[in-house]
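# Overview (structure and organization)
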Amino acid sequence: MNDKFSGKIWVLGDDIDTDIIIPTEYLALKTVREMAPYAFSPLRPELAGQIEKGDIIVAGKNFGCGSSREQAPEIIKALGIKCVIAKSFARIFFRNAINNGLLLIENGALQDVVTEGDQIEVEVNAQITYRGEAYPIASLPQNLVDIIDAGGLVKAMRRLNGLED
């Protein structure tokens, strides 16, 4: 994993559930790529089309609550989101995101101070820098960093067992 990166901020609120991330009616589509244009459509129908590779979501508390659908973090990743920073994450969403190689960072202060469209810099397991101010972040355990770095749990296990394609 690149230890340091920056991206444009998209700000979302509290309790962004998996039905907002990907509404149920689009789960019938065959691939995550086909579902991705409908991401966040109940909240902001235009958002999926505006997100660019490397962008960062900053949200409030309880991000990813609701159904434990694995497609939710897969779609966020397919949109090109580099990481999601939130005040807190729903437990099952957190695990699904890690298993799919999506970096999640908890930070209780950032959502209250950022402006959508601004740039933010993330130094993994160290800090977030916004407008010259550093916001410390907790370190993820190395095994989770390895899973994210590999692109997900299956890829990490293939790498660990010498089965990489």
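The structure this text deals with has already been given above.
Worth saying up front: this structure is predicted, and the values here are computed from it rather than measured.

### What about the pattern of salt bridges?
Here the structure, examined in full by the defined rule, presents eight salt bridges. For the salt bridge of glutamate 46 with arginine 44, the shortest nitrogen-to-oxygen distance reads 3.6 Å. Take glutamate 46: its relative accessible area is 40%, and that puts it in the partly exposed class. Taking the shortest distance from any N to any O, the salt bridge between arginine 131 and aspartate 118 comes out at 2.7 Å. Here aspartate 118 lies in the loop between strand 4 (103–106) and strand 5 (119–123) and arginine 131 lies in the loop between strand 6 (127–130) and strand 7 (133–136), a separation of 13 residues in the sequence. One network of salt bridges, with partners in common, ties together Arg44, Glu46 and Glu116.

### A closer look at the packing of aromatic side chains
With the rule as written, the count across this model stands at five aromatic pairs. Measuring from ring centre to ring centre gives 6.1 Å for phenylalanine 63 and phenylalanine 89, while their planes differ by 80°; the resulting arrangement is edge-to-face. With phenylalanine 63 in the loop between strand 2 (56–59) and helix 4 (71–78) and phenylalanine 89 in the loop between strand 3 (83–86) and helix 5 (91–99), this pair connects stretches of sequence that are 26 residues apart. Overall, phenylalanine 89 belongs to the buried group, its relative accessible area being 10%. An aromatic cluster of three or more residues is present, and its members are Phe63, Phe89, Phe93 and Phe94.

Rules and cut-offs
Residues numbered from 1 in each chain as written. Predicted model: local features only at pLDDT ≥ 70, side-chain atom pairs only at ≥ 80, totals over all residues. Heavy atoms only, no water. Salt bridge = Lys/Arg side-chain N within 4 Å of Asp/Glu carboxyl O. Buried < 20%, exposed > 50% of the residue type's maximum accessible area, 1.4 Å probe, protein only. Helix = DSSP H or I, 4+ residues; strand = E, 2+ residues; numbered from the N terminus. Phe/Tyr/Trp six-rings, centres within 6.5 Å; stacked < 30°, edge-to-face > 60°.

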